[in-house]
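Observations on the three-dimensional arrangement
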Amino acid sequence: MSDTLPNTASRPSDASDLPKAWPFEEARKVASHVAERGGDAPALLETGYGPSGLPHIGTFGEVARTTWVRLAYEKLTGRKTRLLAFSDDMDALRKVPGNVPNQEMLAQHLGLPLSRIPDPFGRFESFSAHNNAMLCEFLDRFGFEYEFASATDYYTSGRFDDALRRMLEVHDEVVATIVPTLGAERRATYSPVLPIHPRTGQVMQVPVLGVNPDEATVQWKDPEDGTLYETSVLGGHAKMQWKADWAMRWYALGVDYEMSGKDLIDSVKLSSKICRILGKAPPAGLTYELFLDQNAQKISKSKGNGLSIEEWLHYAPPESLAQYMFNQPTRAKRLFFDVIPRAMDEYLANVDKAGATPDETVLRANPAWFIHGGAIDPALSSPVSFTALLNLASVANAESSETLWKFLRRYDPTLSPETHPYVDRLVGHALVYFKEFVRPAKTFRAPSDAERVALQDLADALRQADPSLSPVEVQDIVFEIGKKHQIQPLRAWFGCLYEVLLGQTEGPRFGIFASLFGLPETVALIEGALARDAIPADRQT
RNA sequence: GAACCGGUAGCUCAGCCGGUAGAGCAUUCGACUUUUAAUCGAAUGGUCGUGGGUUCGAGUCCCACCCGGUUCACCA
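Calculation notes
Residues numbered from 1 in each chain as written. Chains lettered and ligands numbered in written order. Predicted model: local features only at pLDDT ≥ 70, side-chain atom pairs only at ≥ 80, totals over all residues. Heavy atoms only, no water. Pairing = 2+ DSSP bridges. Helix = DSSP H or I, 4+ residues; strand = E, 2+ residues; numbered from the N terminus. Axes fitted to C-alpha atoms, helices over the stretch in contact; angles between N-to-C directions. Near = heavy atom within 4 Å. Polar contact = N/O pair within 3.5 Å; in protein donor to acceptor, adjacent residues only side chain to side chain. Nonpolar A, V, L, I, M, F, W, Y, C, P; charged D, E, K, R; others polar. Buried < 20%, exposed > 50% of the residue type's maximum accessible area, 1.4 Å probe, protein only. Contact = heavy atoms within 4.5 Å. Parallel < 35°, antiparallel > 145°, perpendicular 65-115°, else oblique. Left-handed = near helix turned anticlockwise from the far one by under 90°. pLDDT = per-residue confidence, 0-100.

This brings us to the sheet that holds strand β6 (residues 217-221). Reading across the sheet, the three strands line up as β5-β6-β7 and stay open at both edges, with antiparallel pairing between neighbours. At either end of the open sheet lies a strand with only one pairing partner, and these are β5 (210-212) and β7 (228-232). In this sheet, neighbouring strand axes are inclined to one another by 20 degrees on average, regardless of whether the strands run parallel or antiparallel. Pairing of β6 with β7, which is carried by five bridges, proceeds in the antiparallel orientation. Bridging across to β7, W220 finds its partner in Y229.

Spelled out as structure tokens, the structure:
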């Protein structure tokens with residue numbers, strides 16, 4: 001049986017001593033798959049790529065998650081693993097992607113394998129070589145360990161030949177398995193074998209008229225001119241249609257584990273059946289949920305909703321993204337900016353917890369342990385939460401890390417950029433997040449006429465003040481101005497400062513703020529607020 | 001038509017192998033303040049979607065249903 005979906009597989013009964021983390025559950029599946037297939041070969045884990053697109057945040061998620069399964073498996077069994085990053089670059093270009101140059105050139109090459117189409121960017125020998133390079137660069141950037149594999153290389157070098165012969169032997173059974181899943185139109189022409197046209201190089205989607213397993217050839221007719229061809233399926237003269245391709249690859253390479261998104265559930269089922277027909281058990285795997293955007297809509301690469309990996313890393317270090325990916329892979333999660341601070345703080349909390357855990361089993365259930373590849377690096381942590389830094393940036397109206405650091409050192413004198421470089425990175429990210437998300441949402445109220453006069457007075461006083469004044473002395477100045485202008489109650493004067501200058505109802509003591517923020521900068525802040533609200537008086541809310 | 005994932009405090013969610021519900025934020029009160037950031041203490045707040053079943057006992061397991069979301073039925 002066992003077209004059961006991977007993540008509905010029955011719970012192991014002897015899992016009590018396993019670390020309570022999903023990668024270990026997955027590792028068990030890998031272990032039983034390896035045991036079943038036998039042999040000494042390392043466990044083979046695969047991640048697959050459609051070659052027409054560039055790597056994205058989902059790519060990161062899939063590779064990161066697979067890497068954690070690897071780690072769990074190695075710790076669990078003491079055996080080795082390989083991760084194969086497989087690019088299906090022999091796939092045909094079916095439509096021209098909208099986000100690349102040289103659209104006309106690409107349009108002329110529709111139907112050819114991507115590895116036979118010139119690079120529209122003009123940098124590599126083919127379109128797929130370009131995309132493959134982007135993929136590898138992407139994976140390298142995060143330090144993933146993997147072996148890259150190109151479908152074109154595998155096909156043309158003959159590495160798939162035995163499996164392709166086998167595919168022809170069971171051709172009819174494979175067809176009989178796939179055809180019922182297809183719509184009426186597709187049924188008529190379907191073949192799991194796509195011959196490469198010997199003259200044009202096109203990947204042909206044509207009915208296969210005859211199969212010759214002994215010669216490893218298929219017969220087909222050119223739909224254009226009616227020419228009959230008999231084409232070898234070996235050595236790159238044909239490729240498999242993708243569901244058959246996936247199964248053939250599993251079979252040929254002996255893949256033990258591959259996860260995939262829930263959009264591929266039916267494909268996994270079908271490819272698993274084909275893999276069994278070929279004669280091997282399909283790999284174990286996990287079906288992960290897709291990400292949703294802000295409004296719980298599907299993330300679409302073409303629509304550009306959701307969040308790109310560059311955007312995420314603009315606001316927080318990669319560990320936070322890894323933490324997000326670690327959490328609940330089988331649940332649909334919103335992927336939007338506002339999840340970043342939480343993910344970051346979760347990660348930081350996990351590093352702390354890991355440091356305090358003597359129990360190895362507990363440690364191995366900790367996401368930070370996985371994120372750090374099985375060895376916690378205490379340098380990648382912070383005693384201050386990201387949320388705290390954001391609050392601080394907000395109340396301090398911080399423009400620069402220098403300013404934020406001044407406030408931060410007041411908060412905790414033992415911190416400095418030199419001794420805590422990771423905190424310094426977080427400071428930089430917090431500033432960006434504050435400037436781009438928090439501050440734009442703030443509403444600055446306009447001052448009343450009386451407040452306006454007092455604010456101007458304060459600006460003048462601060463401008464003339466000795467820059468070496470202590471925060472307390474600056475506070476005295478602020479206080480005196482408030483009293484002088486008889487703002488009642490006096491606390492309303494400070495409320496006015498926060499609301500007009502900082503766009504919030506609360507804040508630090510203003511003297512401390514002004515000192516750390518800088519007296520000239522504070523003067524500029526006040527005058528900016530006065531100028532901003534000079535004309536419209538109806539914005540008061 | 002088929003499949004997947006959710007439905008737990010106002011919000012976002014955690015609840016591992018079943019044992020009388022937890023966190024963060026929000027709200028309220030208090031401490032500290034020549035003021036109201038960060039900080040600390042406390043309180044309020046849930047018939048765990050509905051109905052059955054198994055059990056001494058179910059948010060937790062089983063079945064059915066309701067609601068919400070998504071995906072696949074062309075390509076990959």
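Once the structure has been displayed, the description carries forward.
Below, the discussion takes up the protein's contact with RNA strand B. Around RNA strand B, a shell composed of 41 residues is seen, among which R186, D476, F479, R491 and F510 lie nearest. Contact distances for RNA strand B include 3.3 Å between a phosphate oxygen and a side-chain N or O atom of R94. In the environment of RNA strand B, a phosphate oxygen lies 3.4 Å from a nitrogen or oxygen atom belonging to the backbone of G183. Only α10 (265-278), α16 (386-395), α20 (471-484), α21 (490-502) and α22 (510-517) provide two or more residues apiece to the surface near RNA strand B. Split by residue class, the surface near RNA strand B holds 15 nonpolar, nine polar and 17 charged.

Before going further, it helps to examine the sheet that holds strand β3 (residues 147-150). Across the sheet, which stays open at both edges, the three strands sit in the order β1-β2-β3 with parallel pairing between neighbours. Looking at the sheet topology across the chains shown, the edges are occupied by β1 (43-49) and β3. Averaged over neighbouring strand pairs, the angle between their axes works out to 30 degrees when direction is ignored. Two strands pair when backbone bridges link them, and strand β2 (residues 81-87) and β3 are joined in this way by four bridges, in the parallel orientation. Counted as the bridge partner of S87 is S150 from β3.

Moving on, we come to the pairing of β7. On β7, burial follows the alternation: Y229 and T231 on one face are buried, whereas L228, E230 and S232 on the facing-out side are not. Hairpin connection from β6 to β7: six residues lie between these consecutive antiparallel strands, with G226 at a positive phi of about 75 degrees.

Residue placement: R249 occurs in helix α9 (residues 242-253). Take R249: its relative accessible area is 7%, and that puts it in the buried class. In contact with R249, other than residues within four places in its own chain, are E46, F86, D88, F160, G254 and V255.

Let us look at the packing of α16 against helix α18 (residues 421-438). Relative to each other, α16 and α18 sit at 55 degrees, their axes nearing to 9 Å. Considered as vectors, α16 and α18 are oriented oblique to each other. In the packing of α16 onto α18, the handedness of the crossing is right-handed. Residue-level contacts link F386, L389, L390, A393 and S394 of α16 to L426, V427, H429, A430, Y433, F434 and V438 of α18.

Averaged over every residue, the pLDDT of chain A is 87; residues scoring 70 or more account for 93%. Under a pLDDT of 50 for its full length, residues 1-16 has, in the predicted model, 20 contacts with residues more than four places off or in other chains. Predicted confidence is poor over residues 536-541, with pLDDT under 50, and the contacts of this stretch with residues over four places away or in other chains come to five contacts. Quick note on the complex model: pTM equals 0.89, ipTM equals 0.89.

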